[in-house]
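One-letter residues, chain by chain:
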Amino acid sequence: MPCTRRTLIAAFCCSVVVFVTYAVIVEPLVFPDALDMVAVYSSHTGAIFNHAWTAVKSRYNLPRDLVVDKREYQNANYPCYPTSPPENTFIQRQQKIQHQRRHLLQQACHQYLGSDQFSATKMEKTPEVAFLLENYHLLYAQTAKIAGTSWDRVLLVLNGVANSTSQFGQSETIDLTKITVPRLENYQHSDRSFILSNFTTFMFTRHPFSRLLSAYHCKVGPDATEEHVHRGFYDLLRKRIQKKYQRTKPDGIPNFRDFAQYLVDTNSFSDPHWKENYKIVSPCDVDYDVIGHFETLEEDARYILTSVGADCLVEFPTSEGSAATNSSHTDTLVEHYKYLPRDLLEALYERYKLDFLLFGYSFEVEIDGEMLQLPPPTDVKFKSKVTHE
(Lines give C-alpha, C1' and ligand atoms only; values in the text may rest on other atoms or scores of the structure.)
Protein backbone atom coordinates (compact mmCIF):
# COMPACT_ATOMS: atom_id res chain seq x y z
CA MET A 1 0.00 0.00 0.00
CA PRO A 2 1.54 3.31 -0.99
CA CYS A 3 2.44 5.71 1.82
CA THR A 4 0.24 8.74 1.93
CA ARG A 5 1.53 12.18 2.81
CA ARG A 6 -0.39 12.07 6.09
CA THR A 7 1.26 8.78 7.02
CA LEU A 8 4.73 10.17 6.40
CA ILE A 9 4.07 13.23 8.56
CA ALA A 10 2.73 11.04 11.38
CA ALA A 11 5.79 8.80 11.21
CA PHE A 12 8.12 11.79 11.30
CA CYS A 13 6.35 13.27 14.35
CA CYS A 14 6.55 9.95 16.18
CA SER A 15 10.27 9.77 15.48
CA VAL A 16 10.82 13.23 16.91
CA VAL A 17 8.86 12.39 20.07
CA VAL A 18 10.84 9.18 20.58
CA PHE A 19 14.18 10.94 20.07
CA VAL A 20 13.40 13.81 22.45
CA THR A 21 12.04 11.43 25.09
CA TYR A 22 15.18 9.31 24.96
CA ALA A 23 17.61 12.23 24.88
CA VAL A 24 15.94 14.24 27.62
CA ILE A 25 14.68 11.66 30.11
CA VAL A 26 16.08 8.17 29.50
CA GLU A 27 19.71 8.87 28.59
CA PRO A 28 20.48 11.31 31.48
CA LEU A 29 19.30 8.68 33.95
CA VAL A 30 21.43 5.95 32.42
CA PHE A 31 24.41 8.05 31.31
CA PRO A 32 25.20 10.92 33.71
CA ASP A 33 27.42 12.57 31.09
CA ALA A 34 24.33 13.25 29.02
CA LEU A 35 23.30 15.98 31.46
CA ASP A 36 25.26 18.46 29.39
CA MET A 37 23.20 17.56 26.33
CA VAL A 38 19.99 18.01 28.29
CA ALA A 39 21.23 21.46 29.25
CA VAL A 40 21.45 22.37 25.57
CA TYR A 41 17.86 21.37 25.02
CA SER A 42 16.80 23.24 28.15
CA SER A 43 18.19 26.50 26.82
CA HIS A 44 15.73 26.36 23.91
CA THR A 45 12.50 24.96 25.28
CA GLY A 46 11.12 25.57 28.75
CA ALA A 47 8.91 22.51 28.63
CA ILE A 48 11.82 20.26 27.74
CA PHE A 49 13.85 21.77 30.57
CA ASN A 50 11.07 21.04 33.06
CA HIS A 51 10.96 17.38 31.98
CA ALA A 52 14.73 17.10 32.19
CA TRP A 53 14.86 18.78 35.59
CA THR A 54 12.19 16.40 36.89
CA ALA A 55 14.36 13.47 35.78
CA VAL A 56 17.44 14.93 37.48
CA LYS A 57 15.55 15.51 40.74
CA SER A 58 14.41 11.91 40.65
CA ARG A 59 17.93 10.62 39.97
CA TYR A 60 19.53 12.59 42.81
CA ASN A 61 16.59 12.25 45.20
CA LEU A 62 16.11 16.02 45.37
CA PRO A 63 13.02 17.67 46.88
CA ARG A 64 10.17 17.83 44.37
CA ASP A 65 9.62 21.54 45.03
CA LEU A 66 13.28 22.41 44.39
CA VAL A 67 13.51 25.09 41.71
CA VAL A 68 16.64 25.76 39.72
CA ASP A 69 17.44 28.45 37.18
CA LYS A 70 18.20 27.20 33.65
CA ARG A 71 21.65 28.81 33.68
CA GLU A 72 22.42 27.20 37.01
CA TYR A 73 21.28 23.83 35.69
CA GLN A 74 23.53 24.11 32.67
CA ASN A 75 26.62 24.89 34.76
CA ALA A 76 26.32 22.30 37.49
CA ASN A 77 26.33 18.52 37.82
CA TYR A 78 24.98 18.45 41.39
CA PRO A 79 27.34 15.78 42.70
CA CYS A 80 26.86 16.67 46.36
CA TYR A 81 23.16 17.08 47.01
CA PRO A 82 21.98 15.29 50.19
CA THR A 83 20.11 12.04 49.84
CA SER A 84 19.90 10.68 53.37
CA PRO A 85 17.19 11.69 55.88
CA PRO A 86 19.75 13.09 58.41
CA GLU A 87 21.07 15.50 55.76
CA ASN A 88 17.58 16.57 54.79
CA THR A 89 16.80 17.18 58.47
CA PHE A 90 19.87 19.37 58.72
CA ILE A 91 18.78 21.38 55.66
CA GLN A 92 15.29 21.85 57.06
CA ARG A 93 16.65 23.03 60.41
CA GLN A 94 18.99 25.49 58.72
CA GLN A 95 16.21 26.80 56.51
CA LYS A 96 14.18 27.55 59.62
CA ILE A 97 17.12 29.38 61.23
CA GLN A 98 17.66 31.42 58.07
CA HIS A 99 13.98 32.34 57.98
CA GLN A 100 14.27 33.67 61.54
CA ARG A 101 17.40 35.69 60.76
CA ARG A 102 16.01 37.14 57.55
CA HIS A 103 12.73 38.03 59.23
CA LEU A 104 14.54 39.83 62.06
CA LEU A 105 16.69 41.71 59.57
CA GLN A 106 13.71 42.76 57.50
CA GLN A 107 11.90 44.05 60.59
CA ALA A 108 14.98 45.84 61.87
CA CYS A 109 15.73 47.48 58.53
CA HIS A 110 12.21 48.91 58.50
CA GLN A 111 12.14 49.93 62.18
CA TYR A 112 15.60 51.40 62.58
CA LEU A 113 16.52 52.60 59.10
CA GLY A 114 13.13 53.21 57.57
CA SER A 115 14.13 50.86 54.78
CA ASP A 116 11.70 48.54 53.02
CA GLN A 117 14.15 45.75 52.40
CA PHE A 118 13.89 43.69 49.23
CA SER A 119 12.10 46.54 47.43
CA ALA A 120 12.66 47.52 43.81
CA THR A 121 15.46 49.88 44.85
CA LYS A 122 17.40 47.31 46.85
CA MET A 123 20.24 47.22 44.32
CA GLU A 124 21.28 50.84 44.84
CA LYS A 125 24.02 49.72 47.25
CA THR A 126 26.26 46.70 46.95
CA PRO A 127 28.69 45.03 49.37
CA GLU A 128 32.08 46.71 49.67
CA VAL A 129 33.89 43.41 49.14
CA ALA A 130 32.11 40.57 47.33
CA PHE A 131 33.70 37.55 45.64
CA LEU A 132 32.00 35.49 42.93
CA LEU A 133 32.15 31.88 41.82
CA GLU A 134 30.24 31.86 38.54
CA ASN A 135 30.28 28.08 38.13
CA TYR A 136 28.40 27.76 41.41
CA HIS A 137 26.29 30.91 41.06
CA LEU A 138 27.66 31.94 44.44
CA LEU A 139 28.40 35.41 45.85
CA TYR A 140 30.18 35.94 49.16
CA ALA A 141 30.09 39.38 50.81
CA GLN A 142 33.21 39.47 52.98
CA THR A 143 33.74 41.29 56.27
CA ALA A 144 37.14 41.42 57.94
CA LYS A 145 37.50 39.51 61.23
CA ILE A 146 34.63 37.15 60.43
CA ALA A 147 36.39 34.01 59.14
CA GLY A 148 37.41 35.79 55.94
CA THR A 149 40.63 33.84 55.43
CA SER A 150 38.85 30.53 55.95
CA TRP A 151 36.36 31.43 53.25
CA ASP A 152 39.21 32.56 51.01
CA ARG A 153 40.64 29.04 51.30
CA VAL A 154 37.31 27.55 50.25
CA LEU A 155 36.99 29.92 47.30
CA LEU A 156 40.47 29.00 46.04
CA VAL A 157 39.61 25.29 46.07
CA LEU A 158 36.28 25.76 44.30
CA ASN A 159 37.91 28.10 41.79
CA GLY A 160 40.53 25.45 40.94
CA VAL A 161 43.48 27.45 42.30
CA ALA A 162 44.18 25.24 45.32
CA ASN A 163 44.00 21.49 45.79
CA SER A 164 43.09 21.79 49.45
CA THR A 165 42.24 24.46 52.02
CA SER A 166 45.61 23.94 53.70
CA GLN A 167 47.78 24.30 50.60
CA PHE A 168 48.72 27.97 51.15
CA GLY A 169 49.62 30.06 54.18
CA GLN A 170 47.50 32.93 55.40
CA SER A 171 49.18 35.74 53.45
CA GLU A 172 49.38 33.66 50.26
CA THR A 173 45.70 32.76 50.60
CA ILE A 174 44.62 36.38 50.94
CA ASP A 175 46.79 37.54 48.03
CA LEU A 176 45.74 34.70 45.72
CA THR A 177 42.06 35.33 46.44
CA LYS A 178 42.42 38.97 45.46
CA ILE A 179 44.19 38.02 42.24
CA THR A 180 42.24 34.98 41.04
CA VAL A 181 38.67 35.24 42.36
CA PRO A 182 36.40 37.71 40.53
CA ARG A 183 34.88 40.58 42.52
CA LEU A 184 31.46 42.11 42.07
CA GLU A 185 32.90 45.60 41.64
CA ASN A 186 34.59 44.49 38.40
CA TYR A 187 31.25 43.83 36.72
CA GLN A 188 29.07 46.37 34.96
CA HIS A 189 26.11 47.77 36.86
CA SER A 190 23.54 45.77 34.90
CA ASP A 191 25.48 42.56 35.52
CA ARG A 192 25.73 43.33 39.23
CA SER A 193 21.95 43.62 39.47
CA PHE A 194 21.53 40.29 37.70
CA ILE A 195 24.10 38.60 39.95
CA LEU A 196 22.55 39.90 43.16
CA SER A 197 19.11 38.77 41.99
CA ASN A 198 20.04 35.32 40.65
CA PHE A 199 23.11 34.04 42.51
CA THR A 200 23.08 32.42 45.94
CA THR A 201 24.30 35.31 48.10
CA PHE A 202 25.61 35.07 51.63
CA MET A 203 27.25 37.24 54.26
CA PHE A 204 28.48 36.71 57.81
CA THR A 205 28.09 38.71 60.95
CA ARG A 206 29.66 38.52 64.40
CA HIS A 207 29.02 39.97 67.84
CA PRO A 208 30.24 43.57 67.44
CA PHE A 209 32.23 43.57 70.69
CA SER A 210 33.80 40.22 69.86
CA ARG A 211 34.85 41.45 66.44
CA LEU A 212 36.35 44.64 67.87
CA LEU A 213 38.30 42.68 70.46
CA SER A 214 39.56 40.29 67.80
CA ALA A 215 40.74 43.22 65.69
CA TYR A 216 42.64 44.62 68.67
CA HIS A 217 44.38 41.29 69.34
CA CYS A 218 45.23 40.76 65.69
CA LYS A 219 46.39 44.25 64.72
CA VAL A 220 47.40 46.23 67.79
CA GLY A 221 47.58 44.14 70.96
CA PRO A 222 50.41 42.03 72.39
CA ASP A 223 49.31 39.00 70.35
CA ALA A 224 49.57 40.84 67.02
CA THR A 225 52.02 39.27 64.64
CA GLU A 226 55.00 41.25 63.40
CA GLU A 227 53.60 40.98 59.89
CA HIS A 228 50.42 42.80 60.89
CA VAL A 229 52.01 45.45 63.09
CA HIS A 230 54.75 46.44 60.69
CA ARG A 231 52.59 46.96 57.66
CA GLY A 232 52.93 50.59 58.63
CA PHE A 233 49.49 51.73 59.69
CA TYR A 234 49.10 49.61 62.80
CA ASP A 235 52.57 50.41 64.08
CA LEU A 236 51.73 54.10 63.61
CA LEU A 237 48.39 53.57 65.35
CA ARG A 238 50.15 52.12 68.37
CA LYS A 239 52.37 55.21 68.59
CA ARG A 240 49.44 57.58 68.24
CA ILE A 241 47.53 55.89 71.04
CA GLN A 242 50.57 55.98 73.28
CA LYS A 243 51.16 59.64 72.56
CA LYS A 244 47.54 60.67 73.11
CA TYR A 245 47.11 59.05 76.52
CA GLN A 246 50.68 59.41 77.77
CA ARG A 247 50.87 55.85 79.03
CA THR A 248 54.34 54.73 80.04
CA LYS A 249 54.86 51.21 78.72
CA PRO A 250 58.23 49.76 77.78
CA ASP A 251 56.82 47.55 75.03
CA GLY A 252 54.84 50.38 73.43
CA ILE A 253 51.70 48.23 73.19
CA PRO A 254 48.44 49.96 74.22
CA ASN A 255 45.92 48.02 76.25
CA PHE A 256 42.41 47.32 74.99
CA ARG A 257 40.88 50.18 76.96
CA ASP A 258 43.20 52.76 75.40
CA PHE A 259 42.60 51.27 71.95
CA ALA A 260 38.81 51.51 72.35
CA GLN A 261 39.02 54.99 73.88
CA TYR A 262 41.15 56.22 70.99
CA LEU A 263 38.67 54.96 68.39
CA VAL A 264 35.83 56.77 70.15
CA ASP A 265 37.72 60.00 70.87
CA THR A 266 39.08 60.33 67.33
CA ASN A 267 36.12 58.77 65.51
CA SER A 268 38.53 56.34 63.85
CA PHE A 269 36.18 53.64 62.61
CA SER A 270 37.02 53.55 58.92
CA ASP A 271 39.45 50.62 59.13
CA PRO A 272 37.69 47.56 57.63
CA HIS A 273 38.71 45.40 60.60
CA TRP A 274 36.48 47.36 63.00
CA LYS A 275 34.19 49.32 60.69
CA GLU A 276 30.49 48.66 61.32
CA ASN A 277 29.45 45.50 59.52
CA TYR A 278 26.16 46.86 58.20
CA LYS A 279 28.12 49.55 56.33
CA ILE A 280 30.28 46.87 54.70
CA VAL A 281 27.66 44.35 53.55
CA SER A 282 24.58 46.66 53.13
CA PRO A 283 22.12 44.08 54.50
CA CYS A 284 19.12 46.39 54.08
CA ASP A 285 19.85 46.82 50.37
CA VAL A 286 20.94 43.34 49.35
CA ASP A 287 18.54 40.41 49.68
CA TYR A 288 20.96 37.81 51.09
CA ASP A 289 19.92 34.19 50.80
CA VAL A 290 22.01 33.20 53.80
CA ILE A 291 22.94 35.29 56.86
CA GLY A 292 25.75 33.42 58.55
CA HIS A 293 26.83 34.01 62.13
CA PHE A 294 30.39 33.58 63.30
CA GLU A 295 29.01 31.92 66.43
CA THR A 296 27.54 29.10 64.30
CA LEU A 297 30.23 29.21 61.62
CA GLU A 298 30.68 25.51 60.89
CA GLU A 299 26.98 24.73 60.54
CA ASP A 300 26.29 27.82 58.45
CA ALA A 301 29.23 27.08 56.17
CA ARG A 302 28.10 23.49 55.73
CA TYR A 303 24.62 24.70 54.82
CA ILE A 304 25.98 27.15 52.23
CA LEU A 305 28.25 24.57 50.58
CA THR A 306 25.44 22.01 50.55
CA SER A 307 23.04 24.54 49.01
CA VAL A 308 25.26 24.99 45.95
CA GLY A 309 26.29 21.34 45.65
CA ALA A 310 29.88 21.80 46.78
CA ASP A 311 29.90 20.10 50.18
CA CYS A 312 31.58 16.95 48.85
CA LEU A 313 34.26 18.96 47.04
CA VAL A 314 35.58 21.00 49.96
CA GLU A 315 35.23 20.98 53.72
CA PHE A 316 35.20 24.26 55.60
CA PRO A 317 38.59 24.57 57.31
CA THR A 318 39.29 24.97 61.00
CA SER A 319 40.95 28.12 62.35
CA GLU A 320 44.34 26.41 62.24
CA GLY A 321 46.69 28.49 60.12
CA SER A 322 44.67 31.68 60.51
CA ALA A 323 44.96 34.47 63.07
CA ALA A 324 42.47 33.08 65.59
CA THR A 325 42.13 35.19 68.76
CA ASN A 326 39.44 33.30 70.73
CA SER A 327 37.69 36.64 71.21
CA SER A 328 34.21 35.12 70.88
CA HIS A 329 34.36 33.17 74.12
CA THR A 330 31.95 34.72 76.60
CA ASP A 331 34.47 34.71 79.44
CA THR A 332 37.09 36.38 77.27
CA LEU A 333 34.61 39.01 76.15
CA VAL A 334 33.44 39.89 79.64
CA GLU A 335 36.98 39.85 81.01
CA HIS A 336 38.05 42.62 78.61
CA TYR A 337 34.93 44.76 78.62
CA LYS A 338 34.18 44.79 82.35
CA TYR A 339 37.16 47.08 82.94
CA LEU A 340 35.95 49.73 80.49
CA PRO A 341 34.24 52.82 81.94
CA ARG A 342 30.48 52.79 81.55
CA ASP A 343 30.49 55.86 79.30
CA LEU A 344 33.04 54.21 76.98
CA LEU A 345 30.96 51.03 76.76
CA GLU A 346 27.87 53.05 75.95
CA ALA A 347 29.78 55.03 73.32
CA LEU A 348 30.98 51.79 71.69
CA TYR A 349 27.44 50.46 71.71
CA GLU A 350 26.17 53.62 70.02
CA ARG A 351 28.78 53.16 67.31
CA TYR A 352 27.82 49.51 66.72
CA LYS A 353 24.17 49.93 67.61
CA LEU A 354 22.82 48.88 64.23
CA ASP A 355 25.01 45.78 64.14
CA PHE A 356 23.47 44.80 67.47
CA LEU A 357 19.90 45.49 66.37
CA LEU A 358 19.96 44.24 62.77
CA PHE A 359 21.50 40.88 63.66
CA GLY A 360 19.99 40.27 67.10
CA TYR A 361 23.02 40.57 69.38
CA SER A 362 23.09 41.56 73.06
CA PHE A 363 25.64 42.06 75.82
CA GLU A 364 25.47 42.19 79.61
CA VAL A 365 28.25 43.10 82.01
CA GLU A 366 28.39 44.12 85.65
CA ILE A 367 30.12 47.46 86.26
CA ASP A 368 30.56 48.80 89.79
CA GLY A 369 27.91 46.44 91.09
CA GLU A 370 25.36 47.51 88.47
CA MET A 371 24.34 45.42 85.48
CA LEU A 372 24.64 47.12 82.11
CA GLN A 373 22.36 45.65 79.46
CA LEU A 374 22.97 46.30 75.78
CA PRO A 375 20.90 47.02 73.82
CA PRO A 376 18.95 48.88 76.51
CA PRO A 377 15.22 48.02 76.60
CA THR A 378 14.40 51.44 75.11
CA ASP A 379 16.22 50.50 71.89
CA VAL A 380 14.44 47.19 71.36
CA LYS A 381 11.20 47.71 69.45
CA PHE A 382 10.36 44.03 68.99
CA LYS A 383 11.47 40.68 70.38
CA SER A 384 14.34 38.96 68.64
CA LYS A 385 14.13 35.20 68.03
CA VAL A 386 17.26 35.00 65.97
CA THR A 387 19.53 32.00 66.47
CA HIS A 388 23.28 32.62 66.57
CA GLU A 389 24.60 30.44 69.33
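All values reported here derive from a predicted model rather than from experimental measurement.

Colleague: Sorry, what's going on with the overall build of the protein chain here?
Modeller: If you tally the helices and strands in the protein chain, you get 17 helices and six strands. Counting all 389 residues of the protein chain, 46% fall into the buried class. Considering only contacts within the protein chain whose residues lie at least 6 apart along the sequence, 69% involve residues at least 24 apart. Entry remark: accessible area of the protein chain is about 20300 Å², with carbon and sulfur atoms responsible for 51%.

Colleague: I would appreciate a short explanation of helix α16 (residues 342-351) in the present structure.
Modeller: Among all positions in α16, only Leu344, Leu345, Leu348 and Tyr349 are buried. When α16 is viewed along its axis, its buried side chains cluster within an angular range of 140° and face the same direction. The elements touched by buried residues of α16 are α9 (208-220), α12 (256-266), α15 (330-337), α17 (353-359), β5 (363-367) and β6 (370-374).

Colleague: Help me understand the nonpolar core, please; the structure alone is not making it clear to me.
Modeller: The tendency in soluble globular proteins is for nonpolar side chains to be buried as a group. Counting residues in each nonpolar core, the largest one holds 56 residues, and the members touching the most others are Phe209, Phe259, Trp274 and Tyr337. The biggest single contributor to this core is α9, with six residues.

Colleague: I'm lost on the state of the cysteines in this one. Help?
Modeller: Here the structure, examined in full by the defined rule, presents one disulfide. Paired by a disulfide, Cys109 and Cys284 hold their sulfur atoms 1.9 Å apart. Disulfide Cys109-Cys284: the torsion about the S-S bond is -85°, which places it as left-handed. Taken together, the residues Cys109 in helix α5 (residues 85-113) and Cys284 in the loop between α13 (277-281) and β4 (290-293) connect sequence positions 175 residues apart. For the pair formed by Cys109 and Cys284, the shared burial category is buried.

Colleague: Is there a simple way to think about the side chain of Gln98 in this case?
Modeller: Locating Gln98 in the fold gives a position in helix α5. Of the polar contacts made by the side chain of Gln98, one reaches the backbone nitrogen of Ile291; its length is 2.7 Å.

Here is what the cut-offs are and how they apply
Residues numbered from 1 in each chain as written. Predicted model: local features only at pLDDT ≥ 70, side-chain atom pairs only at ≥ 80, totals over all residues. Heavy atoms only, no water. Helix = DSSP H or I, 4+ residues; strand = E, 2+ residues; numbered from the N terminus. Buried < 20%, exposed > 50% of the residue type's maximum accessible area, 1.4 Å probe, protein only. Contact = heavy atoms within 4.5 Å. Areas by Shrake-Rupley, 256 points an atom, 1.4 Å probe, with all protein chains shown as cover. Arc of directions from axis to C-beta. Core = buried A, V, L, I, M, F, W, Y, C linked by side-chain atoms within 4.5 Å. Disulfide = S-S within 2.5 Å. Polar contact = N/O pair within 3.5 Å; in protein donor to acceptor, adjacent residues only side chain to side chain.

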